[in-house]
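The primary structure of each chain is shown beneath.
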Amino acid sequence: MKMKRVILLLAIYAGLLQGLAAAQGDLHFCLRTEPKTFNPLKVQDDASVAVRYLTGGVLLRMNRQTQALEPELARSSKVSKDGKQITFKLRSGISFSDGTPFSAEDVAYTVQQMMDPALHSPTGDAFRSGPGKVETRIVSPTDISITFPAPVAGLDRQFDQVAILSAHSPKKEMAVLGPFMVADYKPGATLLLKRNPNYFKTDAQGRKLPYLDSITLDIQPNRDVELLRFKRDELDLINSLDSEYYDKLAATSPDIAHDAGPSLDSEQMWFNQVATAPLPPYKRAWFRSVAFRRSISQTINRDDMARLVFRGHAHPAIGPFSPANKFWFNAKLKPISYAPDAALRSLQADGFGFENGVLKDKEGNPVVFSIITNSGNKYRERMATMIQDDLQKIGIHVNVVTLDFPALIERMTQTFDYEAILLGLTNVGLDPNEEMNVWLSSSDNHQWNPKQKTPESAWEAEIDRLMRAQASSADPKKRKEAFDRVQEIVVEQAPFIFLVNKNALSAVSSKVQGASPVILAPQTYWNIERLSKKY
Amino acid sequence: MWRNAACTALLLIVCLSLAANWVAPAGYAKQYREAADAPPSRAHWLGTDEIGRDRFARVLYGTRISLLLAPAAALLSTLLAALIGGLAGYLGGTWARVAMAVTDLFLSLPWLFLLITVRALMPLNVSPLISVLVTFTMLGLLGWTSAARVLCASAGSLRNADFVRQARASGIRGARLFWIHVVPNLKPVLNAQFWISIPVFILSEANLGILGLGVAEPMPSWGSLLRELEGLVSVGEQPWKFVPLLLLVVVVTSFQFVLSSEEEAAA
């Protein structure tokens, strides 16, 4: 009888220990939307990007902290001088999560899949620099060279997004090389990731990575619920916190709220310069006047905006790229100073008159225009209201209009029936090539005047030339020079009036060890394999 | 007693909002940026909002807008309901069936999306005052349907009432019979419908404001003021931010008390 009791107690104790051990390594956080796919080559939405980051093995990885490229599955890489070819030396002895060995064949298979037009891979789009086929040459199981038909700017960096698929595994994309693998998925509820037992990395002490046993991702679109659950200790981290929520957390637990400084995201406004837009000719003339645009820019108090709207968790924007982009930001650009008096003088020199507190153009039309922004975004509504107040000081009357997003997009891209728009730009990549569709005058996303058959202004023609030059060059120095000039032209001509760069705010529970949030996504778990939990 | 208390509360709130120019001379749009998000003080009795606007002034002006324009929209919708529902009930037969079919069609419209669509189609360069007038006019134009059904039924029951038959027998017909004999007898129902509509329109505007689709900035409304409560504001930490909500509850409840008295009178 006694013996039975001892066995029972031991069993309970062992069970408890096992439960504790299993619980020790589970990281819990939220995805804000359902992942649309587990195929890493088809990934487009944020949730799928997160899953790809956690499960996919890549040849090269950009270190989110240093922004430097580091070898992963590839021991080394070399890009040819013409920027068309990249050669990888792969690590040996690595297996996929299901045990299938990894070799150059898998890399070749992944590249061919990615470049297959039938797959419509968004990841592959970055590599489509010109017509023609991509050639892969397997020299040995650990050596492979990939040749593209035309130079690909920043070729090696693009491989940060390419998760390698297995050419032979029956599990297809579910066989992974990353630190975690998909173990269970309940659509609309949770996604469970378990540690990949075959993950190739070890720490300095030779311990196998990742430290965590599993990751539970709850699909939770509501930010308030996410924050409440985090406060109740049900979640371990939150990415991209609002400044208001950040302050609430920081007030009670300053050690868990993290402000990593200015992010890549910017908020900006622009005037409608479309030639066929349904605007009175005198208004089109204002919006096409660089003096007018620059004066508006000078009259906006960006410091107040950053301080009040974002509670100090934003920085006045300087130009198209945030200083957070260490390599591509043009450090020679000067911050745009708040100078309403100088702006008014500049407008008067341009033919505008200031009478009884009202600014009028040469023909006597009072300067009145509307700014539209998307309804429901209180930060943008506040920014627009502050701009309205700032511009009142130089006699400009602004009507703030909030529209639901589809109506705004229709006006912005179809009817061009608007005067000014205030919106934000979410940057996920560092390379200017990812913004070709914004800067080329022929592009659909050249918001202030899209789809131009030929550039309508000399400075837009110059931007087109510089963007194409940097895209076709493999020399980082030449590319940087070209894009620095693009940034200067954009600041001089002010087609976009850049307002603020929001800070990268996040929260990490004190139970999570090894976290050091950064500005680049994924802010809090960029070093996921080295995160652990204490109890 | 409750009716008197409700009337007194409403009267006080209306008077205070009408006196906003004197009670809160700072105005609703001025931004005291150095004192943003400040707690209540002698200068700002209810503190300031995130961009430094005096919350007390905004509450008073927002109240004025809601309390002046919601009854106007209620009047518009009640008149429409009387015209469509009352006439349809009085005429009966095919007229009533057609009118009620149109009413059902209007009732089935998702009014929120309709308002959003109207907002999207509106010219962009309209002043905040025009935007607020358009918002409440739209509410009035869309809000007559439920009242029309009630009035159709009431007018239908009056059509064959003895006094109407007697009037008809005396040679009174058409519009004269409707305006002189039917409409005065619909008055209690009209009154009740009018009082019902006011809080409904106040809440509708608040809903639109919370979605950021109500009154244009910088003009305040209860909806835009309630948006401050987004983001898990704590009653314990910043109770003054709940004043617009409290006011909304007091006003809507007061209207309900006034309404129940009207219903009692109608009964």
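Our subject is the structure that appears above.
It should be emphasised that the depicted structure is a prediction, and the values quoted were computed from it without experimental measurement.

> Can you walk me through the overall build of chain A in this structure?
The secondary structure content of chain A amounts to 16 helices and 21 strands. For chain A, the spread of C-alpha atoms along the principal axes amounts to about 100 × 60 × 35 Å. Considering chain A as a whole, with its 535 residues, one finds that 45% of them fall into the buried category. The long-range share in chain A, meaning contacts at least 24 apart out of those at least 6 apart in sequence, stands at 68%.

> Quick question: what am I supposed to make of the sheet that holds strand E6 (residues 135-140) of chain A here?
Across a sheet, strands are paired by hydrogen bonds formed along the backbone, either parallel or antiparallel in direction. Residue and element names in this part refer to chain A. Read across the open sheet, the four strands follow the order E4-E5-E7-E6; overall the sheet is antiparallel. In this open sheet, the two edge strands, each paired with only one partner strand, are strand E4 (74-79) and E6. Each neighbouring strand pair of the sheet contributes to a mean axis angle of 15°, computed without reference to strand direction. Judged from the five bridges that link them, E4 and strand E5 (residues 85-90) form a sheet pairing that is antiparallel. In the sheet register, Ser77 faces E5, and the bridge partner there is Phe88. Contacts from helix H3 (residues 104-115) reach E5, E6 and strand E7 (143-147) within the one sheet, and its direction differs from that of E6 by about 180°.

> Looking at this structure, I do not really get the environment of A:Ile387. What am I missing?
Residues and elements named next belong to chain A. Among the secondary structure elements, Ile387 is positioned in helix H12 (residues 378-392). Placed 11 residues apart in sequence, Ile387 and Val398 show a C-alpha to C-alpha distance of 8.1 Å. Setting aside its immediate chain neighbours within four residues, Ile387 contacts Ile300, Ile371 and Val398.

> What am I meant to see in unusual backbone geometry here?
Glycine aside, the phi torsion of most residues is negative, and most peptide linkages are trans. Geometrically, the link from A:Leu209 to A:Pro210 is a cis peptide bond, its omega value of 0° lying close to zero. Note on placement: A:Pro210 falls in the loop between strand E9 (190-195) and strand E10 (214-219). In this model, B:Glu217 is joined to B:Pro218 through a cis peptide bond whose omega is 5°. Its identity as a non-glycine residue notwithstanding, A:Gln67 has a phi of 60°, on the positive side. By the secondary structure assignment, A:Gln67 is in the loop between strand E2 (60-62) and strand E3 (69-71). Despite not being glycine, B:Asp37 shows a phi value in the positive range, around 50°. Along the chain, B:Asp37 turns up in the loop between helix H2 (20-23) and helix H3 (55-91).

Basis of the calculations
- Residues numbered from 1 in each chain as written.
- Chains lettered and ligands numbered in written order.
- Predicted model: local features only at pLDDT ≥ 70, side-chain atom pairs only at ≥ 80, totals over all residues.
- Helix = DSSP H or I, 4+ residues; strand = E, 2+ residues; numbered from the N terminus.
- Buried ≥ 20, exposed ≤ 12 C-beta atoms within 10 Å, placed from the backbone.
- Contact = placed C-beta atoms within 7 Å.
- Pairing = 2+ DSSP bridges.
- Axes fitted to C-alpha atoms, helices over the stretch in contact; angles between N-to-C directions.

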